[in-house]
Amino acid sequence: MKIKQLSRQVLVVAGLWLAATSVSANESAMAEELWSENYCEQAVSLAKQRGESPEALNMVSCRLLNYYQPSYWQCVIAAMQADSSMKLDAAREKCLAEY
């Protein structure tokens, strides 16, 4: 009887641990998507400040492109900052090639 009760307790603890691990992984993925979206918006903002056409920038949807890692968008921003004549699409191509 005690073994059965102990087995149930172990199963409950294991289930709680698995649930917590799953929630933590989901939260981590969501946080990365938010960071990615934020960096994407910064890159688009920089491109707007430099006078890139609204038509070209309207094709960039940061909500749809948030599957790129934040480091990708950081690369895009850094490339645009290093070369003031570089357009957003050229910076994205450069960083994708390095990725």
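Here's what I pulled together on the structure shown here. (Residues numbered from 1 in each chain as written. Predicted model: local features only at pLDDT ≥ 70, side-chain atom pairs only at ≥ 80, totals over all residues. Heavy atoms only, no water.)

Counting across every chain of the model gives 2 disulfides. Between the sulfur atoms of C40 and its disulfide mate C62 the distance is 2.1 Å. One quick way to see it: the torsion about the S-S bond of C40 and C62 is about -75°, and its sign makes the bridge left-handed. Here C40, found in helix α1 (residues 2-49), pairs with C62, found in the loop between α2 (54-58) and α3 (70-82); they are 22 residues apart in sequence, far enough to count as distant. The pair C40 / C62 is uniform in exposure class, with both members buried. A disulfide bridge connects C75 with C95, and the sulfur atoms are separated by 2.1 Å. The disulfide joining C75 to C95 has a torsion of about -90° about its S-S bond and is therefore left-handed. Of this pair, C75 sits in helix α3 while C95 is found in helix α4 (residues 88-98), placing the two residues 20 residues apart along the sequence. According to the relative accessible area criterion, C75 is partly exposed, its value standing at 22%. Its relative accessible area of 1% is what places C95 among the buried residues. Taken in N- to C-terminal order, the disulfide-linked cysteines of the protein are connected 1-2, 3-4. (Disulfide = S-S within 2.5 Å. Helix = DSSP H or I, 4+ residues; strand = E, 2+ residues; numbered from the N terminus. Buried < 20%, exposed > 50% of the residue type's maximum accessible area, 1.4 Å probe, protein only.)

Limitation: the analysis is restricted to geometry and does not speak to function.
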